[in-house]
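Inside the fold
The primary structure of each chain is shown beneath.
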Amino acid sequence: MTGTLGWIVLGLPLLGALILSLFGAKEPPKAVTRWVGCGSIGLSFVLTAAIFFGMLGDDAEERVHVSRLWEWIDIGNLQVDLAIRIDQLSVMMMLVITGVGFLIHVYSTEYMDHEDGYRRFFAEMNFFVFSMLLLVEAANFIFLIVGWAFVGLASYLLIGFYYDRPIAVAAAKKAFVINVIGDVGMVIAAFLLVRELGTLDYTEVFTQAPGAIDSGSGVAVAIALLLFVGAAAKSAQVPLHTWLPDAMEGPTPVSALIHAATMVTAGVYLIVRTHVLYELAPVAMDIVAVVGCITLVMAATIAIAQEDIKRVLAWSTVSQIGYMIMGAGLGAYSSGMFHLLTHAFFKALLFLAAGIVIHALAGEQSLNRMGGLRKHLRFAYGAIAIGCLAIAGVPGFAGFFSKDDILAHALAHGGLGVVLFVFGSIAAFLTAFYMFRLLFRVFVAPRPDGEYEHAPHGAGRAMSVPVGILAVLSIVGGWLQVPFGWQAITDWLDPVFADSLREPLEATHAQELATIIVSVGAAAAGILLAWYIFARDPSRRVRAAAAMPNARALLEDAYRFDEVYDELVVQPGRLAGERLHDGAEPLGIQAPISAVAAATRGIARGLSWAQSGLVRTYAFAMAAGVVGVAVIFMLVAR
């Protein structure tokens, strides 16, 4: 029964996308689009919840359900089934994808109401959710890679939704190309698994790998790092992170879906799902943790200088995913997944509440043209304040519990973990600072351009209700796992890691207490500094920016990664293409073809004398031919 429900959960969003696509260029009534687009995701969430509650009554070892429809590939010794795997990890991801995804769909019914391509938007959103569900329900690496590629395609379509804007099209292509780099890494890793193990089925791979692949061997490290290439591209980790801020060119609900509930969390899920392979390569796990730490600190510093409200949140996402990747690299899998869950709540809240502000200001996204909105948009102010408190890690809010869980495990790891703890705590300070910078500049500090000509309007019910639900979840969601107490997430996920090759990482009460003190102090310092600069005396902001123009320019340009890639990759590639087009192609490809064509033309021209177009000439030629043949026969007969 569980497997059947899993297939239905997977199929409903795809069915919704197909139904909405069948209308072609004709736009159906918006009510039909809403019911199909939102209804398919809502039903998937209800069925996922049914799966979850059904699994609660099962013993831990009975919570793994693999459902096979038929044999998909049979080549030599390699067999791949069209199959899904429903277990504690996939169900957790399914709840996040369908639950938060449904709220974003409902929000979109109002936010996108006046946009062209209403039906196309919901068809693409449904396809996106289907692709993510395919990715997390996959029972083998082939199915995983197919879902991985579909997510890349769906993100390309949604980021480039405004296809009449060149900047949006460029952002979509950039996201697609970088994610294809990740796809290539995963495909090569799959080839290595086939070579070493002869299978791509999860159960068989994770069972056979410890005995067939030597721990710490080159093959183990290669497989783990190649998988991490895919994870880094999808989850926007250094150096494959540059696509994510540009993805803000899509509509705000798309940003919420990509950043909060789906795409960027896929890399975290991949590492956690394949933890056995990573544990065979300790060096790769250290690399994963270090890359996550570098990403979270780097992105946090960049967010400080951004002036576009959505780009602040985008870099915030890159940073928060860094926490999750760092936790997974340290072996704190449940902690990383816990932060994935709470991040889905407060980041979706922040994006959708920011969408209310953008909607109220007729598409305005620059912080330089915002301010004093607290009296106009009280609901959005309260929602973003809750989101900021959650992401900053203020006690009682969701981010406090999940982020501190990762930092405590880093401290417990010792050695490298202590270094990561220090930088993670610095990032906690930066996070509180840049998020409250956003809050104070948008809602508290006066608008630099003076009062608004027209009072900004609030949001309707379709936008407000999802934001309200996410605000509640951003408060209560963290209480699923608390220091010194209830560990619901860990208890739920522990059976998934029963095959782990290392001892579970546990933080002592002293380490948890030290983490709380440090992280709360960092959050408080960040909030106070942001208040001092952006709320108490907003002119300080201008003076501070003027005092360090070069540093600010560097952060605004995101450390100029794009410029470096342009110089090292794009321009040399374009130059090589031009050289091949102008030099090698005419000589190496076009020349032989042109020679054949010229020879054909010469032969035809040489024979053209026989084609006079006169009937008497042709009759004479035929008679002469007959005579000639007759003469030949007579001579032969003699």
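Scroll up for the structure.
Scope of this entry: the structure provided in the associated data block. Computed from a predicted model, the values in this text were never measured in an experiment.

Cut-offs applied
- Residues numbered from 1 in each chain as written.
- Predicted model: local features only at pLDDT ≥ 70, side-chain atom pairs only at ≥ 80, totals over all residues.
- Heavy atoms only, no water.
- Core = buried A, V, L, I, M, F, W, Y, C linked by side-chain atoms within 4.5 Å.
- Buried < 20%, exposed > 50% of the residue type's maximum accessible area, 1.4 Å probe, protein only.
- Helix = DSSP H or I, 4+ residues; strand = E, 2+ residues; numbered from the N terminus.
- Contact = heavy atoms within 4.5 Å.
- Salt bridge = Lys/Arg side-chain N within 4 Å of Asp/Glu carboxyl O.
- Phe/Tyr/Trp six-rings, centres within 6.5 Å; stacked < 30°, edge-to-face > 60°.
- Lys NZ or Arg CZ within 6 Å of the ring centre and 35° of its normal.
- Polar contact = N/O pair within 3.5 Å; in protein donor to acceptor, adjacent residues only side chain to side chain.

1. As for the nonpolar core
With 190 residues, the main nonpolar core has Phe141, Trp243 and Val357 as its most contacted residues. The leading source of residues in this core is helix α15 (residues 333–360), at 19 residues. Beyond its immediate stretch of four places on either side in the chain, phenylalanine 141 contacts Leu193, Leu200, Tyr202, Val205, Phe206, Leu227, Thr274 and Leu277. Among the nonpolar cores identified, the runner-up in size contains 16 residues, and Cys293, Val297, Met326 and Ala410 belong to it.

2. Details of the pattern of salt bridges
Per the stated rule, a full pass over the model turns up 18 salt bridges. With its nearest N and O atoms 3.1 Å apart, the salt bridge here joins arginine 85 to aspartate 87. In this structure arginine 85 comes out as buried when scored by relative accessible area, which is 13%. What emerges from the salt-bridge pattern is a single network uniting Glu307, Arg437, Arg441, Arg552 and Glu556.

3. Thoughts on the packing of aromatic side chains
Evaluation of the coordinates by the stated rule reveals 22 aromatic pairs. Taken together, a centroid distance of 5.2 Å and an interplanar angle of 50° make the contact between tyrosine 381 and phenylalanine 443 tilted. In this pair, tyrosine 381 is assigned in helix α16 (residues 378–392) and phenylalanine 443 in helix α18 (residues 416–444), connecting sequence segments 62 residues apart. The structure contains a cluster of three or more aromatic residues connected by ring pairs, namely Tyr118, Phe121, Phe122, Phe161 and Tyr162. Sitting above the plane of the tyrosine 162 ring, arginine 165 keeps its charged end 4.0 Å from the centroid. The cationic tip of arginine 540 hangs over the ring face of tyrosine 532; the distance from NZ or CZ to the ring centre is 3.8 Å.

4. Some thoughts on helix α11 (residues 266–273)
Judged by how many residues are buried, α11 sits mostly within the fold: eight of eight residues are covered. Those residues of α11 that sit buried are Ala266, Gly267, Val268, Tyr269, Leu270, Ile271, Val272 and Arg273.

5. Describing the side chain of arginine 85
Within the element layout of this structure, arginine 85 appears in strand β2 (residues 78–86). Within polar-contact distance, the side chain of arginine 85 engages the side chain of threonine 203 at 2.9 Å. Arginine 85 has contacts with Val64, His65, Val66, Ser90, Val136, Glu137, Ala138, Ala139, Tyr202, Thr203 and Arg273, leaving out every residue within four places of it along the chain.

6. A short note on unusual backbone geometry
In the segment running from valine 238 into proline 239, the intervening peptide bond is cis, with an omega of 5°. Turning to its location among the elements, proline 239 is positioned in the loop between α8 (218–234) and α9 (243–246). A positive phi angle, close to 55°, is found at alanine 236, a residue other than glycine. Within the element layout of this structure, alanine 236 appears in the loop between α8 and α9. The buried category is assigned to alanine 236, whose relative accessible area is 0%.

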